[in-house]
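Architecture at a glance
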Amino acid sequence: MQRDVAALLDGGIAGCIGTATMSAVMMAARKAGLLGRQPPELIVEKALTAVGVHRHETTQDALAVAMHFGFGASMGALFGLSRGRSRLPLGPAFSGLLFGSLVWAVSYKGWLPGLSIMPQPEYDKPGRPQTMIFAHWVYGWTLGRSLGAVAGARRMFLDGI
C-alpha cells in the first residue's frame, strides 16, 4: 500500500512535468497557427456553459491551466501506479510514449467527441490533431523519463529527514 501511494505521488509530480513540456509544444503550435484555441480552453468553456456560468476570459484561462495540470497529474499518477505494478519489459520512455498515445486516443477519439466538446480528429481544424498527438507523445515521453528521477529525489529527501 505504501509503495502504491509513493507510485501515485511520483507519477503525479512527473505528470505535472510532462504537462509543462506538453504545454510548451501547444503554445508553440498555437503561435505557428496549427492549433487555434487550445483543447483545455474548449473543455473549460463547455463546462462553464453547461453549469450556466458566464465567461470571464482571465478566469477561464486560469481554470484551463489548472484543469490541464490536474488532468496531467492524474494521468501521471495512474501511469506511476501502472508502472509500479507492470511486469512489461518496456523502458520508461517507450512506456510513456504508449501511455501518451492511449491518453490521446481515449480523449480525442472518446470522451471529448462523446460529450460534444470537440469533433473527432478527422473532422477537426487542420493541424490540430497532428499537433495534439505529438504533444501527447511529448507528455508521455517526459512522463516516462522523469518518473524515475522524481522517485529518486523523493527517496533522497525522505532519507535526509
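What this report covers is the structure whose coordinates are included nearby. Here the residue numbers are simple positions, counted from 1 along each chain's written sequence. A pLDDT threshold of at least 70 governs which residues receive local features in this predicted model, and a stricter bar of 80 or more applies before side-chain atom pairs are shown or counted, although totals over entire chains, interfaces and linings include all residues. The side-chain numbers reported here are obtained from all heavy atoms of the structure, hydrogens and water having been left aside.

As for the overall build of the protein
Heads up, the rule is: Secondary structure elements are defined from DSSP: runs of H or I of at least 4 residues count as helices, runs of E of at least 2 residues count as strands, and each element is numbered from the N terminus. Note that the radius of gyration is over C-alpha atoms, with the globule rule given as 2.2 Å times the number of residues to the power 0.38. Working definition: with a 1.4 Å probe on protein chains only, accessible area under 20% of the residue-type maximum means buried, over 50% means exposed, and in between means partly exposed. Residue burial considers only the protein chains on display, and all accessible areas are found by Shrake-Rupley using a 1.4 Å probe. The sign given to each residue is positive for Lys and Arg and negative for Asp and Glu; His and the chain ends receive no count. For this purpose, a charge sits on NZ of Lys, CZ of Arg, CG of Asp or CD of Glu.
Helix and strand counts for the protein come out as five helices and zero strands. When the helices and strands of the protein are listed from N to C terminus, the series reads α-α-α-α-α. Relative to a compact globule of 161 residues, whose C-alpha radius of gyration would be 15 Å, the protein shows 17 Å and is just as compact. Here the C-alpha coordinates of the protein stretch approximately 50 × 30 × 30 Å along the principal axes. Looking at the protein residue by residue over its 161 residues, the buried ones come to 42%. When the accessible area of the protein is evaluated, it comes to approximately 9,200 Å², of which 69% is carbon and sulfur surface. Of the charged side chains in the protein, 15 are positive and 9 negative, and the gap between their average positions amounts to 6 Å.

So, the packing of helix H2 (residues 39–50) against helix H3 (residues 57–85)
Here is the rule we go by: All axes here are fitted lines through C-alpha atoms, helices being fitted over the stretch that makes contact, and every angle between N-to-C directions spans 0 to 180 degrees. Any angle from 65 to 115 degrees is called roughly perpendicular, while one under 35 is roughly parallel, one over 145 is roughly antiparallel, and all others are oblique. Left-handed describes a crossing in which the near helix is turned anticlockwise from the far one by less than a right angle; the clockwise case is right-handed. Contact between two residues is taken to exist if any of their heavy atoms lie within 4.5 Å; hydrogens are not considered. Gly is put with the polar residues, along with every residue not named as nonpolar or charged; the nonpolar set is Ala, Val, Leu, Ile, Met, Phe, Trp, Tyr, Cys and Pro, and the charged set is Asp, Glu, Lys and Arg.
As a packed pair, H2 and H3 sit with axes 9 Å apart at the nearest point and diverge in direction by 115°. Here H3 runs roughly perpendicular to H2, going by the angle between their axes. Two packed elements cross with a definite hand, and for H2 against H3 that hand is right-handed. Within the contact between the two elements, H2 uses Pro 40, Glu 41, Ile 43, Val 44, Glu 45 and Leu 48 and H3 uses Gln 60, Asp 61, Leu 63, Ala 64, Met 67 and His 68. Grouping the amino acids of the contact of H2 with H3 by side-chain chemistry returns seven nonpolar, two polar and three charged.

Points about the packing of aromatic side chains
Note the threshold: We call Phe, Tyr and Trp rings a pair once their centres come within 6.5 Å, taking the six-membered ring for Trp, and we label the pair stacked below 30 degrees between planes, edge-to-face above 60, and tilted otherwise.
Per the counting criterion, the structure on display carries three aromatic pairs. Here Phe 71 and Trp 111 contribute two aromatic rings whose centre-to-centre distance is 6.2 Å and whose plane-to-plane angle is 55°, an arrangement assigned as tilted. Of the two residues, Phe 71 is situated in helix H3 and Trp 111 in helix H4 (residues 92–114); the sequence distance between them amounts to 40 residues. We classify Phe 71 as partly exposed; its relative accessible area is 30%.

Things to note about the pattern of salt bridges
Short version of the rule: Here a salt bridge means any side-chain nitrogen of Lys or Arg lying within 4 Å of a carboxyl oxygen belonging to Asp or Glu.
This structure, assessed with the given rule, holds five salt bridges. One salt bridge connects Arg 154 with Asp 10, and the closest N-O pair in it is separated by 2.7 Å. Here Asp 10 lies in helix H1 (residues 2–31) and Arg 154 lies in helix H5 (residues 128–160), a separation of 144 residues in the sequence. A salt bridge links Arg 37 to Glu 45; its shortest N-O distance comes to 2.5 Å.

Looking at the packing of H3 against H4
The contact between H3 and H4 brings their axes to 11 Å, and the two run at 130°. Between H3 and H4, the crossing angle belongs to the class labelled oblique. As for how H3 packs across H4, the hand of that crossing is right-handed. Of H4, the residues touching H3 (which contributes Phe 71, Met 75, Leu 78, Phe 79 and Arg 83) are Pro 92, Ser 95, Gly 96, Phe 99, Val 103, Ser 107 and Trp 111. Here the contact of H3 with H4 is composed, by residue class, of eight nonpolar, three polar and one charged.

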